[in-house]
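Examination of the molecular architecture
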Amino acid sequence: MASGDNSKKGLADALNGLLADYYALYLKTKNFHWHVTGPNFREYHLLFDEQATELIATTDLVAERVRKLGQYTLTSIGSIAAIQRIKDHDSTSTDSATMLKELHADNGTLIKALKAAKDLADEAGDNATDGLLDDWTDQAEQRAWFLAATMGNA
């Protein structure tokens, strides 16, 4: 395998890691959307739904980049669970402040992974993936900003 092939394989692996994180963050965000309660229910319910919609829409774009690199994508919940960095949250009774805090931290984790993947895209000379990673980083930073501002920490 040529070094260009190795750099593309490394980039595809990083993108599959991002894909796992996007799915994990999507499910956590939907969990919080479904189970949020309290005086800010409507605001948080809608915020979490907006963010979940953006996350799930990005999954197809990430997977298609992996395929365009000639590699295979994740195939199952098990393959997601094996490499996700975003921790699951199975509780249905979490307070809304904790929900906001966790989603903020998880978007921070995603931002770090996106920036690391950008370095790999640069190394592979993949301008298309490089540009998409900029867009996805901006989206994650905006989600984190909205969550921080909602917590009063912006």
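Look up: the structure comes first, before these words.
Here we summarise the structure given alongside this text. (Residues numbered from 1 in each chain as written. Predicted model: local features only at pLDDT ≥ 70, side-chain atom pairs only at ≥ 80, totals over all residues. Heavy atoms only, no water.)

**Focus on the environment of Asp130**
Operational definition: A helix here means a DSSP run of H or I that spans at least four residues, while a strand means a run of E at least two residues long, and both kinds are numbered starting from the N terminus. What makes two residues a contact is simply this: any of their non-hydrogen atoms within 4.5 Å.
Within the secondary structure layout, Asp130 lies in helix 5 (residues 127-151). Remark: the alpha-carbon pair of Asp130 and Asp119, spanning 11 residues in sequence, is separated by 8.3 Å. Excluding anything up to four places from it in sequence, Asp130 contacts Lys118, Ala121 and Asp122.

**Quick look at the side chain of Thr58**
We apply this condition: Polar contacts, as counted here, are pairs of nitrogen or oxygen atoms within 3.5 Å of one another; within protein the pair requires one atom able to donate a hydrogen and one able to accept it, and residues that are adjacent in sequence qualify only if both atoms are side-chain atoms.
With respect to the helices and strands, Thr58 occurs in helix 2 (residues 41-68). A polar contact is formed between the side chain of Thr58 and the backbone oxygen of Glu54, at a distance of 2.9 Å. Among all residues touching Thr58, those that are not within four sequence positions of it are Tyr22, Trp136 and Gln139.

**Digging into helix 5**
The periodicity of an α-helix, 3.6 residues per turn, causes residues three or four places apart in sequence to face the same way. For the record, the criterion: Given a helix with a known number of residues, its expected span is that number minus one, times 1.5 Å. Residue burial is assigned from relative accessible area. The probe radius is 1.4 Å, only protein chains are included, and a residue is buried under 20% of its type maximum, exposed over 50%, and partly exposed in between.
Here helix 5 contains 25 residues, and its C-alpha end-to-end distance of 36 Å stays within 8% of the 36 Å for a straight helix at 1.5 Å per residue. Among all positions of helix 5, only Thr129, Asp130, Leu133, Trp136, Thr137, Ala140, Arg143, Ala144, Leu147 and Ala148 are buried. Capping of helix 5 at its N-terminal end is provided by Asp126; its side-chain oxygen lies 3.3 Å from the backbone amide nitrogen of Ala128. Positioned one or two residues after helix 5, Gly152 has a phi angle of 85°, which is positive.

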